[in-house]
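Breakdown of the fold
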Amino acid sequence: MNDLKNSQLWQLILANARELLREPAVLFWGIGFPILMSLGLGVAFTKKKDVTVMVAVIGRNHLVHTLADSVSVIQSFLQNNRAVLKVGKDGSLSRELTVPDEKLGGTNYIFRDLSWKTAMVMLKRGNLNLVMDEAQGLIQYHFDPMNPDAQLTYLKFSKLMQDPELIIRPSETEIQPLDVTGSRYIDFLVPGLICMGVMMSCMWGVSYEIIEKRSKKLLRRMIATPMKRSNFLVALITVRIAMNFVESGLLFLFAWLVFHITIQGSVPALILFFISGNIAFAGIAVFLSCNTAKTEIGNGLINLVSMPMMVLSGIFFSYHNFPGWSIPAIQKFPLTMMADGVRSIFIEGAGFGEIMLPAVIMLATGVVFFTAGLKLFKWH
Amino acid sequence: MKQEAVIQVKNVHKSFKSVHAVKGINLEILPSQFLALLGPNGAGKTTLVEMIEGIQKPDSGEILITGKPWKGNEKEFRRIIGLSLQETRFIDKLRVFETLRLFASFFSLGAERCEEVMSLVGLEEKRQAYVVNLSGGQRQKLALGVALLNKPKILLLDEPTTGLDPQARREVWMILKKLKDASFTSLILTTHYMEEAEQLCDYIVIMDHGTILKEGTLHDLLGKSSADIEEKEEYRGPPRNLDEVFIELTGRHLNE
Ligand SMILES: Nc1ncnc2c1ncn2[C@@H]1O[C@H](COP(=O)(O)OP(=O)(O)OP(=O)(O)O)[C@@H](O)[C@H]1O
Ligand SMILES: [Mg+2]
């Protein structure tokens, strides 16, 4: 027991772990930030929110009943359906009508009486996208046919005019939302965030750490002892991978509690795959940091490697939107490989069979870069 | 009978691009000898010491430790050498004791030795302090403690007292004096302080511009130098101390 406690590998691991845990900023960026990101993006893209659209009504005053006029179609529609009349601070009148919809998200219409000119100004500013007027009991809709939002507003509202019952009737039964676990955006996002976290954590926690210790001349002090050089790197990587397990575990726990995401495939396969992904990035990180003692250069190298992968590897949105010729190349990036694999286990229920090949490739990547890095490694 | 030298430096040269930092230096350090390497900034002290430490490689010449070259014997040498570099920062967020523990583990030593060293260098009170929060002097003491962990046969200290107040400097001297009394360790110490060389070391080497200007015991240096000076016209009597010897030799002050 004492032998273990006195062994250099154990003491190096302890030192690295202490250094890491005593740096609150590290904990925030490693744990807090990914969770906040999943929360923000998850809520933004998972819940269908109610939308508010403004519709301009041109010409005569359609919103309030005046004795002088015959009742217009729009006016009677709004009144019959109890659209709420509101008076703005500037005395302008508007009516609001809310159409709830559990499945598609509700729509909150605001109708305003406007002159054609004002309506056009507001249209150009993007405040509204549908303009209505009425001639001889016929409603005319003016909107930009190229604007899908405008089209949607038109389709929704004209349908409502024909079938006002929609306001009180529950959502249509023929619509079956596909928000079962596994097909939502959050299910796509969380595995990606986990992989991105591993990459960033290795880049900063291994690469930057090494460069900083080199620039402080600590590496040179350490190798002026009988310390085994590989122990230093192994300890650094071990602590980092352990930390990545904690970070990813907490992110998953959070996503499970809040968004009920699940792992459909094999958990042991996931663990194996996760470790091999970690080793790939740790190896790359050692290689990146093997030569320079300047933290600025380290910064640049880390960005050079991680930025393209962040953008191309389909962390936030599927890389299948990129041109077809580029996809085979993108799929060979370590981050793509890891994210695809982790996703396939999370969402598609993959097991050892499906992930074995990429796991071996990532492992080999890590070992090759680590070995090359160690060969070229400058201790001072 | 002539004692076998612990360290032999034979005609060693080292250049960095345009700077010829060490130009053909020869040195011998005997067992339990304390040697001071004196010289102004840029004299080549650190470069020389780091070559002896095996951290830098000489361009030409030979360095032997206990009669053997660095090549092929690094593992053995690392166990018997203790050193402190001119500038090292340890891990900021590690405590003093943890830092000692880490370095002790490199020599397969345990907590016991760390306790000993901590009291030896007088850092017991700072045991739980983070390295980042130590004062400059305390940091130097920690570096000295780390150097002493393995009870080194050869100790190489690069400016161990630079930047310390007189009190702290005296404390470091006391530690080194104890080491001298034990006469197990040979020491090379670089310094800008004459007093330090006089107080601690039995052999003094004055170097500048990569070469040795003068070497010998304190007595030798004071004597010989006065002879040199006597030849000059404006003789002002024999120099009273090393400071004057040094200014005579280099034309500048040590701390320049
Ligand atoms: N890595 C290096 N690259 C380039 N030049 C160097 C390097 N190390 C030392 N030098 C140069 O070699 C010369 C000797 O430097 P050295 O550090 O050995 O001096 P020193 O006697 O230790 O000085 P100080 O008292 O300031 O510590 C200096 O001119 C220095 O600029
Ligand atoms: Mg120096």
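All residue numbers here refer to positions counted from 1 along the written sequence of the relevant chain. Chain labels run from A onward and ligand labels from 1 onward, assigned in the order the entries are written. Note on the predicted model: pLDDT of at least 70 is required for a residue's local features to be given, and 80 or more for side-chain atom pairs to be given and counted; whole-chain, interface and lining totals, by contrast, use all residues. Hydrogens and water molecules were not included; the side-chain quantities draw on all heavy atoms of the structure.

1. Some words on the coordination of the magnesium ion (ligand 2)
Coordinating donors are taken to be N, O and S atoms lying within 2.8 Å of the metal, or within 3.2 Å when the metal is Na, K or Ca; because water is excluded from the atom set, some sites may appear incomplete. At the metal site, the magnesium ion (ligand 2) is ligated by Thr46(B) (OG1) and Gln86(B) (OE1), and these contacts range over 1.8 to 2.1 Å. Placement of Thr46(B) in helix H1 (residues 45-52) and of Gln86(B) in the loop between strand S6 (81-84) and helix H3 (96-106) is noted, with a sequence separation of 40 residues between them. Strands here are runs of E lasting at least two residues and helices are runs of H or I lasting at least four, both read from the DSSP assignment and numbered beginning at the N terminus.

2. Points about the sheet that holds strand S10 (residues 211-216) of chain B
Residue and element names in this part refer to chain B. For two strands to pair, DSSP has to find at least two bridges joining them. The sheet built from six strands is open, its strands ordered S6-S7-S8-S3-S9-S10 with mixed pairing. Of all strands in the sheet, those bounded by a partner on one side alone are S6 and S10. Averaged over all neighbouring strand pairs, the angle between strand axes comes to 15°, with direction disregarded. Across five bridges, strand S9 (residues 203-208) lies against S10 in antiparallel orientation. Note on S10: the bridge partner recorded for Met207 is Ile212. Set on the sheet, H1 makes contact with strand S3 (34-38), strand S7 (154-158), strand S8 (186-191) and S9; between it and S8 the angle comes to about 155°. Here the axes come from fitting lines to C-alpha atoms, over the contacting stretch only for helices, and the angles between their N-to-C directions go from 0 to 180 degrees. In what follows, residue pairs with any heavy atoms lying within 4.5 Å of each other are defined as contacts.

3. So, the state of the cysteines
Note: disulfide means a covalent bond formed between the sulfur atoms of two cysteine side chains. All names here are of chain A. Two cysteine sulfur atoms form a disulfide, by the criterion used here, when they sit within 2.5 Å. Under the counting rule described, the total for this entry stands at zero disulfides over all chains. Among the cysteines around Cys195, which has no disulfide bond, Cys202 carries the closest sulfur, lying 11 Å off. Classification of residues uses two cut-offs on accessible area relative to the type maximum, computed with a 1.4 Å probe and protein chains only: under 20% is buried, over 50% is exposed, and between them is partly exposed. Take Cys195: its relative accessible area is 0%, and that puts it in the buried class.

4. Some points on the site of ligand 1
Residue and element names in this part refer to chain B. We call a residue near a molecule or strand whenever a single non-hydrogen atom of that residue lies within 4 Å of it. Among the 14 residues in the neighbourhood of ligand 1, the closest are listed as Asn41, Lys45, Thr46, Thr47 and His192. Within the side chain of His192, an N or O atom sits 2.8 Å from an oxygen atom of ligand 1. With residues, only the protein chains shown are counted as cover, and all accessible areas are computed by Shrake-Rupley using a 1.4 Å probe. Bound to the protein, ligand 1 loses 63% of the 630 Å² it would expose on its own. Taken together, the elements giving at least two residues each to the shell around ligand 1 come down to strand S2 (19-29) and H1. Ranked by residue count, the leading element in the shell around ligand 1 is H1, at three residues. Pairs of N or O atoms within 3.5 Å make up the polar contacts considered here, provided that, within protein, one atom can donate a hydrogen while the other can accept it, and that residues adjacent in sequence are counted only when both atoms are side-chain atoms.

5. With respect to the sheet that holds strand S5 (residues 130-135) of chain A
Residues and elements named next belong to chain A. Taken together, six strands build an open sheet; the order of strands is S2-S3-S4-S1-S5-S6 and the sheet is mixed. The two strands at the open ends of the sheet, each matched to only one other strand, are strand S2 (84-87) and strand S6 (138-142). Each adjacent strand pair in this sheet contributes to an overall mean axis angle of 30°, direction not counted. Pairing of S5 with S6 involves five bridges; the strand directions are antiparallel. Bridge pairing links Met132 to Tyr141 in S6.

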